[in-house]
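Take a look at the letters that make up each chain.
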Amino acid sequence: MRYRVVHRTEYVYDEPVTSCHNEAHLTPRTLPGQRVTFHAIDVEPTPATISRRDDYFGNPVVYFAVQASHPVLVVTARSEVEREADDGARHRQSTATWNAVAARTRAATSPDGIEARQFLFDSPMLSASPEIRAYALPSFPPERRLLEAVSDLTTRIHRDFTYEPGTTTVATPLARVLAQRSGVCQDFAHVAIACLRAMGLAARYVSGYLETVPPPGEERLVGADASHAWFSVWDPDVGWLDFDPTNDELALARHITTAWGRDYADVTPMKGIIFGGGASHTATVSVDVERVAG
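So, a few notes on the structure that sits alongside this text.

### Describing unusual backbone geometry
With an omega of 0 degrees, the peptide bond running from Glu 44 to Pro 45 counts as cis. Residue position: Pro 45 is located in the loop between strand S2 (34-44) and strand S3 (49-54). The backbone of Glu 143 shows a phi angle near 70 degrees, a positive value even though the residue is not glycine. Within the element layout of this structure, Glu 143 appears in the loop between helix H4 (130-136) and helix H5 (146-160).

Structure, rendered in structure tokens:
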């Protein structure tokens, strides 16, 4: 399957910004089963400098600085990505119990295992509180297979939490999300990751895009898609396994990965500093994910 992704971000400031420095996680990763065939980022006004690098987690990052005065900043990322068909076969290869996986992860000494162990611990936006552990426990009876336990947790989050934009922001604490039982995909991924870490499992936050299929008979709305978030859990036997609690499904071929980290703070699509701009600004984000022939 081939996808064309257009991610447009517009900032409108109360007063002109004299200069800004920004970092963007808007470039899809090249992974087994995912190949980036085209990518470009356009910035208006034209930046004085732009560069690319990989961050600590291996995610592609674009840095740019605009040094001319501007009342509006527009960043448009265009990507074309090929995704291989995926029926979840690798997930089904996971046969170990969750408690055996937790013990093996703690003791892992292989390069992949040592890398996974960094995702066992609390991170800037997530902590394995007693309340989080209490929510997780029903999904993790002793000797239950990891795949069954994580699938059950994914289903429970989908059932118990209401997808309701506007009830949270990127800064909403996890405790509030857990208490109010509402939020967006970022929040649901955070809840799942904190639960998994509370049970001694390595889990990471994944940012990217999801192809949205319209209801039968209706046209797909251009720009109606949004950036998406899900999570991965580590199984020493088969590697990282992806789950999407927002949609209660495995994250497979319709999910396009841009970045992963400990939580949202590691993979913010756009962040930076500005000089000037007045007291406030408005940000408008639109994402279009389109399946293309080929």
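### Details of the environment of Asp 235
Topologically, Asp 235 is positioned in strand S9 (residues 227-235). With 136 residues separating them in the primary sequence, Asp 235 and Asn 99 have C-alpha atoms 11 Å apart. Beyond its immediate stretch of four places on either side in the chain, Asp 235 contacts Ser 94, Val 101, Leu 146 and Leu 241.

### Structural notes on the environment of Ala 226
Here Ala 226 is to be found in the loop between strand S8 (203-210) and S9. Using a relative accessible area of 43% as the deciding quantity, one classes Ala 226 as partly exposed. C-alpha of Ala 226 to C-alpha of Thr 27: the two residues are 199 residues apart in sequence and 15 Å apart in space. Ala 226 has contacts with Tyr 209 and Val 287, leaving out every residue within four places of it along the chain.

### Brief notes about the sheet that holds S8
Read from one edge of the open sheet, 5 strands run S11-S10-S9-S8-S12, paired in antiparallel fashion. Looking along the sheet, the strands with just one partner apiece sit at the ends: strand S11 (249-250) and strand S12 (255-261). Taken together, the 5 bridges between S9 and strand S10 (residues 239-244) define a ladder with antiparallel strand orientation. Residue pairing for S10: Phe 231 is matched across the bridge by Phe 243. Each of S9, S10 and S11 touches H5; the most contacted strand, S9, lies at about 155 degrees to it.

Definitions and cut-offs
- Residues numbered from 1 in each chain as written.
- Predicted model: local features only at pLDDT ≥ 70, side-chain atom pairs only at ≥ 80, totals over all residues.
- Heavy atoms only, no water.
- Helix = DSSP H or I, 4+ residues; strand = E, 2+ residues; numbered from the N terminus.
- Contact = heavy atoms within 4.5 Å.
- Buried < 20%, exposed > 50% of the residue type's maximum accessible area, 1.4 Å probe, protein only.
- Pairing = 2+ DSSP bridges.
- Axes fitted to C-alpha atoms, helices over the stretch in contact; angles between N-to-C directions.

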